[in-house]
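A closer look at the structure
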Amino acid sequence: MQILEAYCEELGEVVDIYAAQRAYFAQPAGRRRRFTFRCSDPACRVARNPLVSGVGYDKLAEEGEKFRQIHFRAPPDHPHLDSCVWVRDEARREADTEAGGTRRERAKATNVIDVFAPRHADQPVAPAAADQGGAMVALAPADGDADGPPRARTGQSRTGLLEKFIDCWAQFEGEALKEQVVTIEGERLSYRQAVTQVRFIAPSTNGRRIVYGGARISLWPADRPKRVYLNFLDECEQFNEHEGSRKLTLDLPLARIEAYPGGGLLQSRLTEGRSGKNYVRVFAWGRIVDNGAKPGWRLELESLDNLVVKVIARAGA
C-alpha cells in the first residue's frame, strides 16, 4: 500500500518522507535516532494506531546511479481501517487498473512527477528550530504549503523540491525517459530533455534545464571554512571561454547552508562526499553566469531547494 505522508511521534506532526529526512539529519551527528511513524489519517490512528515504516531516509550514500526513492511502507501486520485515506486510495488505483487494463509500473511510493516548480528563494529555518539547537524539532514541510494544515494526499504530481523530481527521474531509463513528460515554468519537456549534462547546456537552454554532472567538493579556507565549492568535472563546452576557461563552479557560503531547513542533510552529504569512499553527482536548477574576474563560469541558485547532491558509494569501497 502506498503511503505518502505519516504522523511522526517525535516531531508531533504529519510529514512527508523528505521532511522526515531533513528532520533526521537536523539532529546532532552521533546522536541521531530513527523516528517512529504512524498512519497520518486521524481516525485510523485513533482506532488502530498502525505503525508505518520509513525506508531509506536515514541513509547518506546511494548504492548506484539508479537512486533509491525514500518512501513510507505499510507493514503487513499493522492493518489500517477500511476507511483510511491510504486504503481507499489503494482501492481507487486498483479499480483504475482493472478498468483500463495493464499499465506501466509507476515509480516507487509516489506518482510520477508531472510538474516541477522551482523555488525562487530559500526558506529560512523556523525560529523555534533555531532556538532549540540540537534538540528534536519539527521542520517546515519539504514540499507543499508550509502554512497549511497537514493533509492526506492521494497523489504527488507536482513538486517544488528538486530532489523529489530527481529521485523520480532516476527510475526511468532508455525510451521511457523520452516518453515521460514534465512541465517546468510553463515549458513542456521530456524527462531526457529536462535533465542535461553540463557539457550539453547551451546559452539557448541556460536557466531552462536541470544541470547535472560529477563534481569535486572543496572548502575554503581549509582551516576555518566559510565557503564550499562544487567544481564540476565537465566543462561548459557549448559556451565561449571566460577568462580562458569553460570550467563550471557552484560557490555556496556555509552560512547560507546553515540557515537552510535542509542544511543538516546537505552538510552531511558534503562531508560524506569528501570522505574518499564515495563520488558525487550534482543536480541543480539555476543560471550559468560568468565568474567575474575569475576564469570560467559560475552556477547561480535562487534556492537551495533547487540543488541536489547525491553521494554514491564507490565499487568495492
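Structure: see above.
So, here is what we can say about the structure in this document. Once a new chain begins, its residue numbering starts again from 1 and follows that chain's sequence as written. Totals for whole chains, interfaces and linings use every residue, but because this is a predicted model, local features are given only for residues with pLDDT of at least 70 and side-chain atom pairs only at 80 or more, for both listing and counting. Water and hydrogen atoms play no part in the side-chain values, which are based on all heavy atoms of the structure.

Notes on the sheet that holds strand β5 (residues 51–55)
Where we set the bar: Any two strands are treated as partners once DSSP identifies two or more bridges connecting them. Numbered from the N terminus, helices here are DSSP runs of H or I no shorter than four residues, and strands are runs of E no shorter than two. Contact between two residues is taken to exist if any of their heavy atoms lie within 4.5 Å; hydrogens are not considered. Lines are fitted to the C-alpha atoms to define the axes, a helix being fitted only along its stretch in contact, and any angle between axes, read from their N-to-C directions, falls within 0 to 180 degrees.
Across the sheet, 6 strands lie side by side as β1-β7-β5-β4-β2-β3; this open sheet has antiparallel pairing. Sheet topology places β1 (2–3) and β3 (13–16) at the edges, where each strand pairs with a single neighbour. As paired strands, strand β4 (residues 37–39) and β5 are joined by 2 bridges and run antiparallel to one another. Within β5, the position partnered with R38 by the bridge is L51. Sheet strands touched by helix α1 (residues 17–26): β3, β4, β5 and β7 (71–73). Its angle to β3, the strand with the most contacts, is close to 105°.

Focus on the side chain of S245
We count it as follows: Type-normalised accessible area, obtained with a 1.4 Å probe on protein chains alone, sets the label of each residue: buried when under 20%, exposed when over 50%, and partly exposed for intermediate values. N or O atoms closer than or at 3.5 Å make up a polar contact, with two conditions inside protein: a donor-capable atom paired with an acceptor-capable one, and, for residues adjacent in sequence, both atoms drawn from side chains.
Checked against the element boundaries, S245 lands in the loop between β14 (227–235) and β15 (247–253). S245 gets classed as buried once you look at its relative accessible area, which sits at 12%. Polar contacts involving the side chain of S245 include one to the main-chain amide nitrogen of K247, which spans 3.1 Å. Every residue in contact with S245, bar those within four places of it in the chain, is listed here: P295, G296 and W297.

Digging into the pairing of strand β16 (residues 278–285)
In terms of burial, β16 is largely enclosed, as 6 of its 8 residues are buried. Two elements, strand β13 (residues 210–220) and β16, share 5 bridges in a ladder whose sense is antiparallel. Bridge pairing in β16 links I210 to W285. Looking at chain direction, β16 and strand β19 (residues 307–313) are connected through 7 bridges and run antiparallel. Bridge assignment links R281 to a residue of β19, and that residue is K310.

Here we look at the nonpolar core
For clarity, the cut-off: Side-chain atoms within 4.5 Å are what join buried Ala, Val, Leu, Ile, Met, Phe, Trp, Tyr and Cys residues into a set we call a nonpolar core.
By size, the foremost hydrophobic cluster in this structure holds 29 residues, and its most contacted members are V15, F35, F37, F72 and W86. Elements represented by at least two residues in this core include exactly β2 (5–8), α1, β4 and α3 (85–100). In terms of residues, this core owes the most to one element, α1, which gives 7 residues. Ignoring sequence-local partners within four residues, the contact set of F37 consists of A6, Y7, C8, V15, A20, P50, L51, V52, G54, Y57 and F72. Membership of the second largest hydrophobic core comes to 28 residues, among which are L230, F232, I257 and L301.

Notes on the sheet that holds strand β11 (residues 187–190)
Here we have 4 strands laid out as an open sheet, ordered β9-β8-β10-β11, and mixed in their pairing. The sheet terminates laterally at β9 (158–159) and β11, the two strands that pair on one side only.

Here's the deal with the packing of aromatic side chains
The geometry of an aromatic ring pair is captured by the separation of the ring centres together with the interplanar angle, meaning the angle of the planes. What counts here: Between rings of Phe, Tyr and Trp, where Trp is taken as its six-membered ring, a pair exists when centres lie within 6.5 Å; planes separated by under 30 degrees are stacked, by over 60 edge-to-face, and by other angles tilted.
Evaluation of the coordinates by the stated rule reveals 16 aromatic pairs. Measuring from ring centre to ring centre gives 5.6 Å for W169 and F283, while their planes differ by 70°; the resulting arrangement is edge-to-face. Of the two residues, W169 sits in helix α5 (residues 162–169) while F283 sits in strand β16, which places them 114 residues apart along the sequence. Across the pair, exposure class does not vary: W169 and F283 are buried alike. Centre to centre, the rings of F239 and W297 are 5.1 Å apart; their planes meet at 65°, and the pair counts as edge-to-face. Highlighted residues: F239 in the loop between β14 and β15 and W297 in strand β18 (residues 297–300), separated in sequence by 58 residues. Using a relative accessible area of 13% as the deciding quantity, one classes W297 as buried.

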